[in-house]
Amino acid sequence: MTAPRRFEGLVAMVTGAMGGLGAASARRLAAEGACVVAVDRDERIVEAAAQLPGDAVGVVADIADEAAVDASMAAGIAAFGRIDRFHLNAGIFGSFASLPDLEVDDFERVMRVNVTGQLLGIRAAFRHYRDHARAGTFDGGAIAVTASIAGHRGSADLIPYQTSKHAVVGLVHSAAVYGGPLGVRVNGVAPGIVPTGLFADAATQAGGGDDMVRRASTTPLRRAGRAEEIASVVAFLLSDDASYTTGEIVSADGGAAIVNTVRPAGGAGAWDPAVVDQGMYADWRGGPRG
């Protein structure tokens, strides 16, 4: 089946484009006709961008660095003259440390990338749109931000990541309210369990990479997702097909966010709380209260 050409004549920037969700998004947008500005801190992004269908440029930049964000925008504009669509995807995983043992540096590192980095990207996009509006060449814009189902719920582990993704939801909502009267739509996509390299460093941790397929088997769709499935949601949100959609956090999670985990049919039977608690609360005398 041939992909639609919804982005013909448009330029799209994708951050965190070297692997996982970002790479899939860059491929999808390019396949639908967009010129792509692929941004990543990995220097291999230059070569990866050259492999995309259509015109693309790879830019090495750290999205948490203000000067680097400005430089990546300048590089994209130099290559294509403007940027019309943004998928702000880059993020990091962070520490599994329990709350009493969580280091402030670990927390702030995740917040710097996942929250401040997304703020810098959103701000840069709006500044660019404003420049075009002042020049009389602005015809609306769209931004999609990678959130997470972690931003809808709580968890006793991955506290920096959980917190950052809740903050991302606030950024999306605020930017959507500001951008609406200007013709700028801002939405988020909230992936569920999608095995990518983001989780590789925590592969052996409970709740990390190695047990993703098992955990995903308790979702209504009974499987993990694919990066390409998230990219299709991003492409929808950035396209004119979503012209009346803004401020939404669209879950692409196999139904995980709707599950009632206190019902046996909702997945509660897939876990033995004693096993989970034994590891998580091993340093608390007597363990959790039952």
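Structure: above.
Residues numbered from 1 in each chain as written. Predicted model: local features only at pLDDT ≥ 70, side-chain atom pairs only at ≥ 80, totals over all residues. Heavy atoms only, no water.

Visitor: I keep staring at the overall build of the protein chain and nothing clicks. Help me out?
Guide: Counting secondary structure elements, the protein chain contains eight helices and seven strands. Expressed as a percentage of its 290 residues, the buried residues of the protein chain come to 46%. Here the protein chain has roughly 14,600 Å² of accessible surface; of this, 54% comes from carbon and sulfur atoms. Here the protein chain contributes 25 positively and 32 negatively charged side chains, and the mean placements of these two sets differ by 5 Å. (Helix = DSSP H or I, 4+ residues; strand = E, 2+ residues; numbered from the N terminus. Buried < 20%, exposed > 50% of the residue type's maximum accessible area, 1.4 Å probe, protein only. Areas by Shrake-Rupley, 256 points an atom, 1.4 Å probe, with all protein chains shown as cover. Lys, Arg positive; Asp, Glu negative; His and termini not counted. Charge placed at Lys NZ, Arg CZ, Asp CG, Glu CD.)

Visitor: Honestly, the packing of helix α4 (residues 104-134) against helix α5 (residues 159-179) in this entry has me stumped. Any pointers?
Guide: Any two packed helices are characterised by how steeply their axes cross, that is the angle between the axes, and by the distance between the axes. With their axes 9 Å apart at the nearest point, α4 and α5 run at an angle of 15 degrees to one another. When the axes of α4 and α5 are compared, the pair comes out roughly parallel. The way α4 lies across α5 gives a crossing that is right-handed. Contacts between α4 and α5 pair Asp106, Phe107, Val110, Met111, Asn114, Val115, Gln118, Leu119, Ile122 and Phe126 from the former with Pro160, Tyr161, Thr163, Ser164, Lys165, Ala167, Val168, Leu171, Ala175, Tyr178 and Gly179 from the latter. (Axes fitted to C-alpha atoms, helices over the stretch in contact; angles between N-to-C directions. Parallel < 35°, antiparallel > 145°, perpendicular 65-115°, else oblique. Left-handed = near helix turned anticlockwise from the far one by under 90°. Contact = heavy atoms within 4.5 Å.)

Visitor: How should I be thinking about empty space enclosed by the protein in this particular structure?
Guide: Any empty space left between the atoms is revealed when a probe the size of a water molecule rolls over them. For the structure on display, the rule yields one cavity of 30 Å³ or more. Roughly 90 Å³ of volume is contained in the largest cavity. In this structure, the largest cavity is lined by 13 residues; those nearest its centre are Thr15, Ile63, Val69, Leu88 and Gly121. Mapped by element, the contributors of at least two residues to the lining of the largest cavity are β1 (11-15), α3 (66-80) and α4. Top contributing element to the lining of the largest cavity by residue count: α4, with four residues. Broken down by class, the residue content of the lining of the largest cavity amounts to eight nonpolar, five polar and no charged. (1 Å grid on protein atoms, 1.4 Å probe; cavity = no way out; pocket = protein on both sides within 12 Å on 5 of 7 lines; lining within 4 Å. Points joined across faces, edges and corners; volume = space filled by probe spheres on them. Nonpolar A, V, L, I, M, F, W, Y, C, P; charged D, E, K, R; others polar.)

Visitor: Is there a simple way to think about unusual backbone geometry in this case?
Guide: Glycine aside, a negative phi is what most residues show, and trans is what most peptide bonds show. Despite not being glycine, Leu158 shows a phi value in the positive range, around 50 degrees. Relative to the helices and strands, Leu158 resides in the loop between β5 (141-146) and α5. Phi angles above zero are rare outside glycine, and Arg222 is one such case at about 60 degrees. Its place among the elements puts Arg222 in the loop between α6 (212-216) and α7 (227-238).

Visitor: How should I be thinking about the side chain of Ser164 in this particular structure?
Guide: Here Ser164 lies in helix α5. With residues near it in sequence (within four places) discarded, Ser164 still touches Val110, Met111, Asn114 and Val115.

Visitor: Just checking my understanding: could you explain the packing of aromatic side chains for this structure?
Guide: Here the distance between the centres and the angle between the planes together describe a pair of aromatic rings. Tallied over the entire structure, the rule returns six aromatic pairs. Ring geometry for Phe93 versus Tyr161: centroids 5.7 Å apart, planes at 55 degrees, classification tilted. With Phe93 in the loop between β4 (85-88) and α4 and Tyr161 in helix α5, this pair connects stretches of sequence that are 68 residues apart. Comparing Phe93 with Tyr161 shows no difference in burial state: the two are buried. Centre to centre, the rings of Tyr129 and Phe138 are 5.1 Å apart; their planes meet at 40 degrees, and the pair counts as tilted. Taken together through their ring pairs, the aromatic side chains of Phe86, Phe126, Tyr129, Phe138 and Tyr178 make up a single cluster. (Phe/Tyr/Trp six-rings, centres within 6.5 Å; stacked < 30°, edge-to-face > 60°.)

Visitor: Whenever I open this one, α3 confuses me. Can you help?
Guide: An α-helical turn contains 3.6 residues, so any two residues separated by three or four positions project in the same direction. Given a rise of 1.5 Å per residue, 15 residues ought to cover 21 Å, and the 22 Å separating the end C-alpha atoms of α3 matches this to within 8%. Residues Ala68, Val69, Ser72, Met73 and Gly76 constitute the buried set of α3. Buried residues of α3, viewed axially, fall in a sector of 140 degrees; they line one side. Facing away from the buried side of α3 by more than 90 degrees, the exposed set consists of Ala67 and Ala78. (Expected span 1.5 Å × (residues − 1). Arc of directions from axis to C-beta.)

Visitor: Looking at this structure, how should I read the side chain of Thr146?
Guide: Turning to its location among the elements, Thr146 is positioned in strand β5. Only 2.9 Å separates the side chain of Thr146 from the side chain of Asn89, close enough to count as a polar contact. Those residues within four positions of Thr146 in sequence are excluded, and the remaining contacts are Leu21, His87, Leu88, Asn89, Gln118, Lys165, Val168, Val189 and Pro191. (Polar contact = N/O pair within 3.5 Å; in protein donor to acceptor, adjacent residues only side chain to side chain.)

Visitor: How should the pairing of strand β3 (residues 56-60) be read in this particular structure?
Guide: Regular strands show a simple pattern: their side chains alternate between the two faces of the sheet. Where strand β2 (residues 35-40) and β3 come together, five bridges link them in parallel fashion. Each residue of the ladder has a partner; that of Val37, found in β3, is Val57. Where the polypeptide runs from β2 across helix α2 (residues 45-50) and back to β3, its parallel neighbour, the crossover connection is right-handed. (Pairing = 2+ DSSP bridges. Right-handed = clockwise from strand over helix to strand, strands pointing away.)

Visitor: Any chance you could explain a negative patch on the surface here in plain terms?
Guide: Taken together, the side chains of Asp101, Glu103, Asp105, Glu108 and Asp283 present a region of like negative charge at the surface. The topology assignment puts Asp105 in helix α4. (Patch = residues over 30% accessible without salt bridge, like charges linked within 9 Å, V, L, I, M, F, W, Y side chains within 5 Å. Salt bridge = Lys/Arg side-chain N within 4 Å of Asp/Glu carboxyl O.)

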